[in-house]
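Spelled out from the first residue to the last, the chains are:
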Amino acid sequence: MKGHRVSSGYILVEKSQPLVGEVKLSGAKNAVLVIMASLLLTRGKSVLRNVPAIADVYDMIKILQSLGAQVQFDATANIAEIDTTYLHYESLDQQAVKKFRASLLIFGPLLAQFKDIKIAMPGGDAIGARPVDYHIKNFKKLGAHVFQDQDFLYGVANFFFFFRLILDYPSVGFTENLLMALVLTQGESWIVNAALEPEVLDLIAVLQQMGADVEVMPPAMIRIRGVKHLKSIDHTVIFDRLEAASILIAGAITKGDIFIPDAQVFNLELFLMKLSEMGHEIIVGKNGQGVHFKSCQNPQAVSFKTGPFPGFPTDMQALMMAAQTVATGSCSVVETVFENRFLHVPEMNKMGANIQATGHFASMQGVSCQLYGADVKATDIRAACALALLGLAAQGQTRVLDGVHHWKRGYETLDEKLRSLGAKIELCSF
Ligand code: UD1
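Scoring rules and cut-offs
Counting restarts for each chain, with residues numbered from 1 along the sequence as it is written. It should be noted that, the model being predicted, local features are given only for residues of pLDDT at least 70 and side-chain atom pairs only at 80 or more, the latter also being counted only at that level, while totals for whole chains, interfaces and linings use all residues. The side-chain numbers reported here are obtained from all heavy atoms of the structure, hydrogens and water having been left aside. A pair of strands is considered paired only if DSSP assigns at least 2 bridges between the two. Secondary structure elements are defined from DSSP: runs of H or I of at least 4 residues count as helices, runs of E of at least 2 residues count as strands, and each element is numbered from the N terminus. To define axes, lines are fitted to C-alpha atoms, for helices over the stretch in contact only, and angles between the resulting N-to-C directions are given on a 0 to 180 degree scale. The criterion used for residue contact is that any of the two residues' heavy atoms lie within 4.5 Å. Note on aromatic contacts: the rings of Phe and Tyr and the six-membered ring of Trp form a pair at centre separations within 6.5 Å, being stacked when their planes are under 30 degrees apart, edge-to-face when over 60 apart, and tilted otherwise. Here the term buried applies to any residue with accessible area under 20% of the maximum for its type, exposed to any over 50%, and partly exposed to those in between, with areas from a 1.4 Å probe on protein chains only. To sit over a ring, a charge needs its Lys NZ or Arg CZ within 6 Å of the ring centre and within 35 degrees of the ring normal. Only a single heavy atom is needed: when it lies within 4 Å of a molecule or strand, its residue is near that molecule or strand. For this analysis, a polar contact is any N or O atom pair within 3.5 Å, provided that within protein one partner can donate a hydrogen and the other can accept it, and provided that sequence-adjacent residues contribute only side-chain to side-chain pairs. Accessible areas in this description were obtained via Shrake-Rupley with a 1.4 Å probe; residue shielding takes into account the shown protein chains only. Each residue receives one of three labels: charged for Asp, Glu, Lys and Arg, nonpolar for Ala, Val, Leu, Ile, Met, Phe, Trp, Tyr, Cys and Pro, and polar for the others, Gly being one of them. To form a nonpolar core, buried Ala, Val, Leu, Ile, Met, Phe, Trp, Tyr and Cys residues must be joined to one another through side-chain atoms within 4.5 Å.

A few points about the sheet that holds strand 6 (residues 116–120)
Taken together, three strands build an open sheet; the order of strands is 6-8-7 and the sheet is antiparallel. Of all the strands in the sheet, the pair left with one neighbour each is strand 6 and strand 7 (145–148). Between one strand and the next, the sheet's axes are offset by a mean angle of 10°, whatever the strand orientation. In the sheet, strand 6 pairs with strand 8 (residues 152–156) via five bridges, with the strands oriented antiparallel. Residue pairing across strands places Ile119 opposite Leu153, the latter belonging to strand 8. Helix-sheet contacts for helix 4 (residues 107–114) involve strand 6, strand 7 and strand 8, and the interaxial angle to strand 6 is about 155°.

Some words on the packing of aromatic side chains
Evaluated as defined, the whole model comprises nine aromatic pairs. Ring centres 4.8 Å apart and planes at 10° place the aromatic pair Phe147 and Tyr154 in the stacked group. Assessed through its relative accessible area of 35%, Phe147 is described here as partly exposed. Three or more aromatic residues joined by ring pairs form one cluster here, namely Phe107, Phe139 and Phe174. Its guanidinium or amino end placed over the ring of Tyr10, Arg399 lies 5.0 Å from that ring's centre, counting from NZ or CZ.

Regarding the site of the ligand
Neighbouring residues of the ligand: 19 residues in total, closest Arg130, Asp133, Ser171, Asp315 and Val337. Here an oxygen atom of the ligand sits 2.8 Å away from a polar atom, N or O, in the main chain of Val172. Coverage of the ligand by the protein chains reaches 89% of its 720 Å² of free accessible surface. Looking at the shell around the ligand, the elements that each hand over two or more residues are helix 5 (133–141) and helix 6 (172–182). Ranked by residue count, the leading element in the shell around the ligand is helix 5, at three residues. For the shell around the ligand, the class distribution of residues is eight nonpolar, five polar and six charged.

Here we look at the pairing of strand 19 (residues 354–358)
Note that strand 19 and strand 20 (residues 361–365) share five bridges and pair antiparallel. Along strand 20, the bridge assignment pairs Thr358 with Phe361. The hairpin formed by strand 19 and strand 20 contains two residues between the paired strands, and Gly359 there has a positive phi angle of roughly 55°.

Details of the environment of Val23
Looking at the secondary structure, you find Val23 in the loop between strand 2 (20–22) and helix 1 (29–38). Placed 255 residues apart in sequence, Val23 and Met278 show a C-alpha to C-alpha distance of 23 Å. If we ignore the near neighbours within four places in the chain, the residues touching Val23 are Ile247, Ile258, Phe259, Ile260, Pro261, Lys417 and Leu421.

Section: the nonpolar core
Burial of nonpolar side chains together is a common tendency in soluble globular proteins. Core analysis: the largest hydrophobic core is formed by 81 residues, its most contacted members being Ile106, Phe139 and Leu179. A total of seven residues in this core trace back to one element, the largest contributor, which is helix 1. If near-sequence neighbours (up to four positions away) are discounted, Phe139 is found in contact with Phe107, Gly108, Leu111, Tyr134, Ala144, Val146, Phe160, Phe174, Asn177, Leu178 and Ala181. Of all hydrophobic cores here, the second largest spans 74 residues; its members include Ile258, Ala327, Ala388 and Leu414.

Purely spatial values, then, with no claim about function.
Dropping the structure here:
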C-alpha cells in the first residue's frame, strides 16, 4: 500500500529463495526533492509525475506549504500538483527543515527570491559530519553574506555577482543550490568542476523547461545565463537508480534472476561493471534501457572505490559490500565521499561477515554460507537496506532495528516489490 506510512519499527527478514521476476522502479528521491525545491523559483501551478510517496517527500511538501505553496499529492498516481503563486517566507517550517539533509536545497532558491533568510541546520543520515562550508564559502564569493551558528544557516544577498566559480569538490548539494540561485541572476555565470550526477541533470532539465538558460559543457562545467522570470512546469521525475541497485543486490545475494525494465544503464555503469566482474550476467536492453540480471552460482569478490559520478556512488557502497559478503575471496573498499560511512560494518559482522574498517578503507573476506540472522542497527537509508538484504542470505531471522524509519525516508514500496520476487521481508512496528 502506498501513502504516508511513517512510523518507527524494525525490518524483519528471513533467509529467502533466489529472487525471481520483474520489478518496476519508483521515482528518484535525490531528484524529486531538489526539483520540488526548485519550484520556489517559479510562480503558478506545476505538475510533477513519478513522485515517490516517501517520508522525505512529505517533509518537503510541509516545507513548501509553510512557504505558501498549495500542494495536492496523489500518492497512488504519484502525481504532485504544486502551486507557487503566493509564496512568502515568514512562516517557514524550521522543524521540517531540521529533519533531512535535502532541505538544505531550499537555501539557493530562497536566497534568490527573498534575499534575507535563515534556515534550520538540516539533519539526515549519519554518514559523516556533513558540513555546509562549501555553501558558505562559495555564496560569499558571489557577494552574499552567508554564515551559520549552531542552529541556523543565514543568508543575505541583495544581488549576486555573476562569476566563474571553481568548486574544490563536485558537491552535489552545492552545485544544485548554486544553480538554483544563479538562474535568475542577470549576466553569465560558470560553475567549474560541477557535480553532474543524473539527479543534477534532471534538475537542469527542469530548469530548462522553466525557461532558464543553462547548459552543461565539457569538462564538468555548467554555464548559466540569468533570465528575469521562470515559468511553471510539467515534469516526470527520473527513475531511482539507487532503488534499481538495491533490487539488483537482492538478486546477487539470493542468486536470483531479475528484470528491471525501467533501469537506465548509463546511470548505473560502474555498478553494473562490478557485478559483471563478480561473474554475474548483465543483459542490457536496447539503447541502454532495461537491465536483466542473472546471478552466477559462485561470485568472486571485487574491490571498489566510491567517488563523484560517473564514479561508484557512495549510496551504493553498503549495498555492494553486502553482495561481497556472500562472494568468494577477499576485496577492499575505499569510501572517498564521506568520512564516516562504514557504520554498517560492525552490524554486518554481527551477522557473520568478516570485514575490518578503518577511516576511509575496509578490507573484507567473503563468508559465503556462514551468515546468521541477528539484531542489527541501521544508521542511514542505504545501510538499512544493505543489512536487510544481507538478511535474505542469513540463517534464521534478522531484525534491522530503527530500520523502518530509514527505509521509509528513501524507499516507497521496495519491501512489497522484494516480496513479489519471493523475499521474506516485512516492515514491523513494535
Ligand atoms: C552526496 C553524494 C550524492 C548522494 C548524497 C546522499 C557525491 C559526490 N555526493 O550528496 O551522490 O546522493 O550524498 O547520500 O557522491 N561537503 C563539505 N562541505 C559542504 C558540502 C559537502 O565538506 O559544504 C563534503 C561532504 O561532507 C562530503 C562531500 O563533500 O564528504 C560530498 O558532499 P555532497 O556531494 O555535497 O553531498 P550531498 O549533496 O549530500
